[in-house]
Amino acid sequence: VRSVVIGTAGHIDHGKSALVRALTGTDPDRLKEERERGITIDLGFAHAQVGGVNLAFVDVPGHERFIKNMLAGAGGLDLVMLVVAADESVMPQTREHFDICRLLRIPSGVIALTKIDIADAETIALATLETRELVRGSFLESAPIVGVSARTGQGLDSLRAALVTAAGAVPGRNSEGPVRLPIDRVFSMKGFGTIVTGTLVSGQIREDQELIVLRRISDGRRTKVRGLQVHGHAERFADAGRRVAVNLGGVEAAEIVRGDTLCAPGAFEPTRALDVRVEMLPEAPPLRQGARVRFHQGTTELFGRVTVVTTSSAPEFARVRLESAAVVTRGDRFVIRAYSPLSTIGGGVVLDPQPPRVALRTPEGLARFARIDVHDSVPDTALLTFVEEREEAGLEIGALIRRGGLTERAAGAAVERMLRTGAVVRIEDLLISSRALGACTERLLADLTAHHAANSLSDGLPREEARKRVFRRSAPAVFDAVIEGLVASGKIVARDRLALAGRQVSLSPEEVRVQEVLERLFKDARLAPPDTSAAVEAAKAPRAVVDRVLVLLVRNRRLVKLDSLVFHASALEFLKDDVRAMKAADANVRVDVTAFKERYGVTRKYAIPLLEYLDRERVTRRVGDARVVL
Ligand SMILES: Nc1nc2c(ncn2[C@@H]2O[C@H](COP(=O)(O)OP(=O)(O)OP(=O)(O)O)[C@@H](O)[C@H]2O)c(=O)[nH]1
Ligand SMILES: [Mg+2]
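No experiment lies behind these values; they were computed from the predicted model shown. (Residues numbered from 1 in each chain as written. Chains lettered and ligands numbered in written order. Predicted model: local features only at pLDDT ≥ 70, side-chain atom pairs only at ≥ 80, totals over all residues. Heavy atoms only, no water.)

**Q** Explanation requested: the overall build of the protein chain in the structure shown.
**A** Secondary structure assignment for the protein chain yields 19 helices and 32 strands. Computed over C-alpha atoms, the radius of gyration of the protein chain comes to 38 Å, more than 25% over the 25 Å expected from 2.2 N^0.38 for 630 residues, which places it beyond the range of a compact globule. For the protein chain, the spread of C-alpha atoms along the principal axes amounts to about 125 × 55 × 45 Å. Expressed as a percentage of the 630 residues in the protein chain, the buried residues total 50%. Taking the intrachain contacts of the protein chain between residues at least 6 apart in sequence as the baseline, contacts between residues at least 24 apart amount to 66%. (Helix = DSSP H or I, 4+ residues; strand = E, 2+ residues; numbered from the N terminus. Rg over C-alpha atoms; globule rule 2.2 N^0.38 Å. Buried < 20%, exposed > 50% of the residue type's maximum accessible area, 1.4 Å probe, protein only. Contact = heavy atoms within 4.5 Å.)

**Q** Teacher, can you tell me more about the packing of aromatic side chains here?
**A** Aromatic ring pairs are reported here in terms of the distance separating the ring centres and the angle at which the planes meet. Inspection of every chain in the model, using the stated rule, returns seven aromatic pairs. Plain terms: the ring middles of phenylalanine 471 and phenylalanine 479 are 5.5 Å apart, the flat faces sit at 55 degrees to each other, and that makes the pair tilted. No difference in accessibility class separates phenylalanine 471 from phenylalanine 479, as the two residues are buried. The interplanar angle of 80 degrees and the centroid separation of 6.5 Å between the aromatic rings of phenylalanine 567 and tyrosine 606 together place this pair among those described as edge-to-face. Remark: tyrosine 606 occurs in helix H19 (residues 604-616) and phenylalanine 567 occurs in strand E29 (residues 565-568); sequence separation between them is 39 residues. Under the relative-accessibility criterion, tyrosine 606 is labelled buried at 12%. Its end group placed over the ring of phenylalanine 303, arginine 292 keeps NZ or CZ at 4.6 Å from the ring centre. Looking at arginine 526, its charged tip hangs above the ring of phenylalanine 574, at a distance of 4.7 Å from the centre. (Phe/Tyr/Trp six-rings, centres within 6.5 Å; stacked < 30°, edge-to-face > 60°. Lys NZ or Arg CZ within 6 Å of the ring centre and 35° of its normal.)

**Q** Before we go on, may I ask you to explain the sheet that holds strand E30 (residues 590-591) in this structure?
**A** Strands pair in a sheet through their backbones, by hydrogen bonds, and they do so in one of two ways: parallel or antiparallel. Taking strand neighbours across the sheet as the criterion, the three strands line up as E30-E32-E31 in an open arrangement whose pairing is antiparallel. Each edge of the open sheet is held by one strand with a lone partner, namely E30 and strand E31 (620-623). Looking at chain direction, E30 and strand E32 (residues 626-629) are connected through two bridges and run antiparallel. Among the inter-strand pairings, valine 591 is bridged to a residue of E32, identified as arginine 627. (Pairing = 2+ DSSP bridges.)

**Q** What exactly am I supposed to notice about the coordination of the magnesium ion (ligand 2) here?
**A** For the magnesium ion (ligand 2), the full set of protein donor atoms is Ser17 (OG) and Thr40 (OG1), at a range of 1.9 to 2.0 Å. You can see serine 17 sitting in helix H1 (residues 16-24) and its partner threonine 40 sitting in the loop between helix H2 (32-37) and strand E2 (44-50), a full 23 residues away along the chain. Residues serine 17 and threonine 40 agree in their burial class; the two are buried. (Donors = N, O, S within 2.8 Å, 3.2 Å for Na, K, Ca; no water.)

**Q** Please explain the environment of leucine 71 as it appears in this structure.
**A** Mapped onto the fold, leucine 71 is located in helix H3 (residues 67-74). Between the C-alpha atoms of leucine 71 and asparagine 54, which are 17 residues apart in sequence, the distance is 23 Å.

**Q** I keep staring at the site of ligand 1 and nothing clicks. Help me out?
**A** Taken together, 20 residues lie near ligand 1, and Lys16, Ala18, Thr40, Asp117 and Ala150 sit nearest. Contacts to ligand 1 include serine 17, whose backbone N or O atom sits 2.9 Å from an oxygen atom. Between ligand 1 and arginine 151 there is a distance of 3.3 Å, counted from a nitrogen atom to a side-chain nitrogen or oxygen. In isolation ligand 1 offers 650 Å² of accessible surface; the protein chains occlude 83% of this area. Looking at the shell around ligand 1, its residues break down into six nonpolar, nine polar and five charged. (Near = heavy atom within 4 Å. Polar contact = N/O pair within 3.5 Å; in protein donor to acceptor, adjacent residues only side chain to side chain. Areas by Shrake-Rupley, 256 points an atom, 1.4 Å probe, with all protein chains shown as cover. Nonpolar A, V, L, I, M, F, W, Y, C, P; charged D, E, K, R; others polar.)

**Q** I keep staring at the sheet that holds strand E20 (residues 333-338) and nothing clicks. Help me out?
**A** Overall, antiparallel pairing links the six strands, which are arranged E16-E19-E18-E17-E20-E21 in a closed barrel. For this sheet, the mean angle separating the axes of adjacent strands, direction not counted, is 45 degrees. Bridging between strand E17 (residues 292-297) and E20 involves four bridges; their strand directions are antiparallel. Paired with arginine 294 across the bridge in E20 is arginine 337. (Axes fitted to C-alpha atoms, helices over the stretch in contact; angles between N-to-C directions.)

**Q** How should I be thinking about the pairing of E29 in this particular structure?
**A** Residues in a regular strand point their side chains to alternate faces of the sheet. Neither face of E29 is exposed, since Leu565 and Phe567 on one face and Val566 and His568 on the opposite face are all buried. As paired elements, strand E28 (residues 559-562) and E29 share four bridges and run antiparallel to each other. By the bridge assignment for E29, leucine 562 is matched with leucine 565. Where E28 folds back onto E29 in an antiparallel hairpin, the turn is made up of two residues, including aspartate 563, whose phi is positive at roughly 50 degrees.

**Q** Mind showing me how you'd approach the side chain of glutamate 519 here?
**A** Looking at the secondary structure, you find glutamate 519 in helix H14 (residues 509-525). A distance of 2.7 Å separates a polar atom in the side chain of glutamate 519 from a polar atom in the side chain of arginine 558. In this structure the side chain of glutamate 519 is engaged in a polar contact, spanning 3.3 Å, whose partner is the side chain of histidine 568. Setting aside residues up to four positions removed in sequence, glutamate 519 forms contacts with Leu553, Arg558 and His568.

**Q** What exactly am I supposed to notice about the packing of H14 against helix H15 (residues 532-539) here?
**A** When two helices pack together, their arrangement is captured by the angle between the axes and the distance separating the axes. Where H14 meets H15, the closest approach of the two axes is 10 Å, and the angle between their N-to-C directions is 125 degrees. Accordingly, the angle class assigned to the pair H14 and H15 is oblique. With respect to the hand of their crossing, H14 and H15 are arranged in right-handed fashion. Contacts between H14 and H15 involve Arg513, Val514, Val517, Leu518, Leu521 and Phe522 on the former and, on the latter, Ala535, Ala538 and Ala539. (Parallel < 35°, antiparallel > 145°, perpendicular 65-115°, else oblique. Left-handed = near helix turned anticlockwise from the far one by under 90°.)

**Q** Just to check I follow, could you spell out the nonpolar core for this structure?
**A** Side chains of nonpolar character tend, in soluble globular proteins, to be buried together. Grouped together as the largest cluster of nonpolar side chains are 55 residues, with contacts concentrated most on Leu82, Ile100, Leu140, Val276, Leu287 and Ile336. If sequence neighbours within four positions are ignored, leucine 140 has contacts with Val80, Leu82, Phe98, Ser108, Gly109, Val110, Ile111, Arg132 and Val135. (Core = buried A, V, L, I, M, F, W, Y, C linked by side-chain atoms within 4.5 Å.)

**Q** Just to check I follow, could you spell out the environment of leucine 572 for this structure?
**A** By secondary structure assignment, the location of leucine 572 is in helix H17 (residues 569-585). It is 9.2 Å that separates the C-alpha atoms of leucine 572 and tyrosine 613, two residues lying 41 residues apart in sequence. Ignoring anything within four residues of it in the chain, the contact list for leucine 572 reads Val560, Leu562, Phe567, Leu610 and Tyr613.

Following this line, the structure appears as structure tokens:
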């Protein structure tokens, strides 16, 4: 069955609740105080099936003191039923409710000119005229105005027919997206426990589903769907656009308030800063810099301060800093009301729910707003901006989905388009601006060039050092991918060091000769290697050449430096094996300096650094004056 959510709107006492009752048989005024005072205070709910369509009504209060409750109900509406009493015509809250519906972009609706039983033809004609005037140029411009009486029942059938027709034109909701239910009521029911109700904005709620209640202050509360009801019937699942009552496990009713959101874990990130496009009502005073406002979105009311980015006419861009966190995303509509005197002054759309710390009131700041503004023609500019301003750190696709208010499918298509332009590359789950990546790559190549220029005998920059210098802000996978690309294109050679291709050390024939002599010399000397002067003598080469070749041999791990001594790597390998073998022969073997000197025929000068080396290599451990073999 097709289902639409219809909200009432209109001035106090104009007959909204009476009309809902006449249409559904249910009195939406359920509070004792409401019945006693004859006014609606809080939201009321009722539904009826008409012509194969389920009409779910959210009845709102008209009293100006309860606009806050009206706003909580106006969030997820498909249609508005604007109620105007024929005898009183358009009144202040007729206008205010109508403005709110416009600001929230409720797609369409029907106008009920009610109480026609107590108004004469002339009065009815005047009220009709004034109502037409009110809605001219708006989404209700061509909405039918249906004369009705809740008392006599006159016109009710026409009204039902008009509602069903309007319902037919309502676009379908997005059951594909993440579960998102702004909570409008919470209560506890004997035998069930916690129940929350609301209009399911997106996603599909299922029995046994694990969800989270995101609250304005804390990290949220994990919960499980024990059961759910749609229009009083138990169901296994509910699609987007339905009014649902959800029985939640693992959370007390007292822990939840209206304005919290029941949603899929990880799908939303509560935020306290929003970049928005604001639309001020013509009669509202201009927004002052830093003005404190009430921010209404979904079923939430929060306080915030506004930094206006543009001061000229519409569209106005602004950043809103909220006093507590909201669960909102790009594309969400909101209403702002002045803190005092209390009145609706405007509304708008969220452009970026996770804005970066950038200057706002500068030409660049303004240009950024223009890029992230909602454009129908170029849908990816905002997403591209979100990716680009993260530079080489990149943006995870999950974060893009949350921030862009996208379904996975829409995000997938957008990512494809962005990749095709070449402006963005994808590395694992990260999207990265090609420009930022290119700039880092250039810097890396420049660093390597500089390194080679300064160290002619170097095998290159240690890989980790290069990463820290240039790709500190990137995930390791990004660095690895860049290196891989540079290697594949033949620009660099990468081992544990990165070198420009063709710039690995090239030795002169004389240096090659010295290198061979020295390597043999140290290898043969085993655990009692020569000092530098002895090496210079053996090599028959200038000291500077010997020094450079020694540095190179150490860097290539053919020689190992221990304090001021240099050993051949093979000698140290032999030593480790030999000491371990001692343990194999005698499990309780202990080695002291004297025994070590004797066994390897070395003096104390070599024995001490070698023993300390064995400790460091975890071959031995010092116990008193001796060492145990590990
Ligand atoms: N004669 C006549 N009286 C009506 C009609 N509809 C409502 N009323 C009366 O008007 C009064 C207000 O009706 P409600 O339905 O409570 O008005 P409301 O718009 O819901 O008011 P709030 O919710 O407080 O904003 C009640 O006394 C109703 O009986 C109608 O069609 N004809
Ligand atoms: Mg009412």
